[in-house]
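# Examination of the molecular architecture
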Amino acid sequence: MQRIGSLAGAAVLSPVTPARAGSPALAVLVDTTLCVGCRACEQACNEVNPDLPLVPDTFFRDASVFDRRRRMDADAFTVVNRYQNPAGDPAYVKFQCMHCLQPACVSACLVGALTRDACGAVIYDESKCIGCRYCMAACPFQVPAYEYASVLTPRVRKCTFCFNTRLADGKIPACVEACPMRVMSFGLRDELIALGRERIRNNPGRYEQHIYGEHEAGGTAWMYLASMPFEQLDLPRLGYHPLPGYTEPIQHALFKWFLPPLGLFAALAGIMWFNKRKAKQSGEDA
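Report on the accompanying structure. These numbers were taken from a predicted model, which means no experiment stands behind them. (Residues numbered from 1 in each chain as written. Predicted model: local features only at pLDDT ≥ 70, side-chain atom pairs only at ≥ 80, totals over all residues. Heavy atoms only, no water.)

## Details of the sheet that holds strand β10 (residues 222-225)
With respect to topology, 4 strands assemble into an open sheet ordered β1-β9-β2-β10, the strand pairing being mixed. Taken across any chain shown, the strands that pair with only one partner, and hence form the sheet edges, are β1 (11-12) and β10. Here β1 pairs with strand β9 (residues 184-188) via 2 bridges, running parallel. Bridge pairing in β9 places V12 opposite F186. Docked against the sheet, helix α5 (residues 189-202) engages β2 (26-31), β9 and β10, running at close to 135° with respect to β9. (Pairing = 2+ DSSP bridges. Helix = DSSP H or I, 4+ residues; strand = E, 2+ residues; numbered from the N terminus. Contact = heavy atoms within 4.5 Å. Axes fitted to C-alpha atoms, helices over the stretch in contact; angles between N-to-C directions.)

Below, the structure is given as structure tokens:
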């Protein structure tokens, strides 16, 4: 296999420092108008994650994958899809974990297997995971995948923002570095928002007048610029309120007062009472 080396295509707004607690929140701005669908980001992601299956280089040059919409799965943390643009050339969009500022997956996890580092990466500790998959149901972007093929040790799988493989060593994410078209800009989130607004202001006919991810679901670390409505690019229309704000009060109240186990015990007691009563009536009728 040919390994992708460091390319000079990445746009880095601020010096990269190793990820650690208290680090400033890092982010990526994806300018989809620059993407040509080369899929170098897919290959770089595949190669930097040692437990992803290595596939032939020819796979990443196979344009037939654009004939269908793909989503991330247990063997692919990054995918690029193609969308028809009535106003011009096709649009290509890269998808990965959005690394939300207030992640619904982290909120839904009962055992703390998913956490958000101060640098912005949402990371996963498989040693804590109990396989409930609540994170999959909670994610509005349908990102977390599950290793259904692994019977004994299944894991939840998703992009980690290259937290352990690169950010911790002061390097930028592999997909950002590998992109020859400089589609992705990496740096502090506030600086990237300013960059996105500047591009929109300087090229009003080129972009939708919005940075996707600046506010959606409370904000995300991965943000997008596009030349067509984001809903047409499979980026869901979401409110600006963080999703955990809707679910946590109910969830915390339920578990605070032990309502789930109490409800279960009450249901079981009701079933036992009903069965005993039915059996007693049957005996009396006999």
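## Quick word on the packing of aromatic side chains
Under the definition given, this model contains 6 aromatic pairs. Consider the rings of F66 and Y92, whose centres lie 5.2 Å apart with planes at 65°: the pair is edge-to-face. Of this pair, F66 sits in the loop between α1 (40-48) and β3 (79-83) while Y92 is found in strand β4 (residues 91-95), placing the two residues 26 residues apart along the sequence. We note that F66, like Y92, is buried. Directly above the ring of F59 sits R39, whose terminal nitrogen or CZ lies 4.6 Å from the centroid. The positively charged end of R133 is found above the aromatic ring belonging to Y146, 4.7 Å away from the centroid. (Phe/Tyr/Trp six-rings, centres within 6.5 Å; stacked < 30°, edge-to-face > 60°. Buried < 20%, exposed > 50% of the residue type's maximum accessible area, 1.4 Å probe, protein only. Lys NZ or Arg CZ within 6 Å of the ring centre and 35° of its normal.)

## A closer look at the environment of E126
The topology assignment puts E126 in the loop between β6 (122-124) and α3 (134-138). In this structure E126 comes out as partly exposed when scored by relative accessible area, which is 48%. With 29 residues separating them in the primary sequence, E126 and R155 have C-alpha atoms 6.4 Å apart.

## Digging into the pattern of salt bridges
Per the counting criterion, the structure on display carries 13 salt bridges. We note a salt bridge from R199 to D31, for which the minimum N-O separation is 2.9 Å. Of this pair, R199 sits in helix α5 while D31 sits in strand β2, and the two are 168 residues apart along the sequence. The residue R157 makes a salt bridge to E147 at a minimum N-O spacing of 3.5 Å. With R157 in strand β8 (residues 156-157) and E147 in the loop between β7 (145-146) and β8, this residue pair connects regions lying 10 residues apart in the sequence. Since its relative accessible area comes to 8%, R157 is described here as buried. Through salt bridges that share partners, D51, E126, E147, R155 and R157 make up one connected network. (Salt bridge = Lys/Arg side-chain N within 4 Å of Asp/Glu carboxyl O.)

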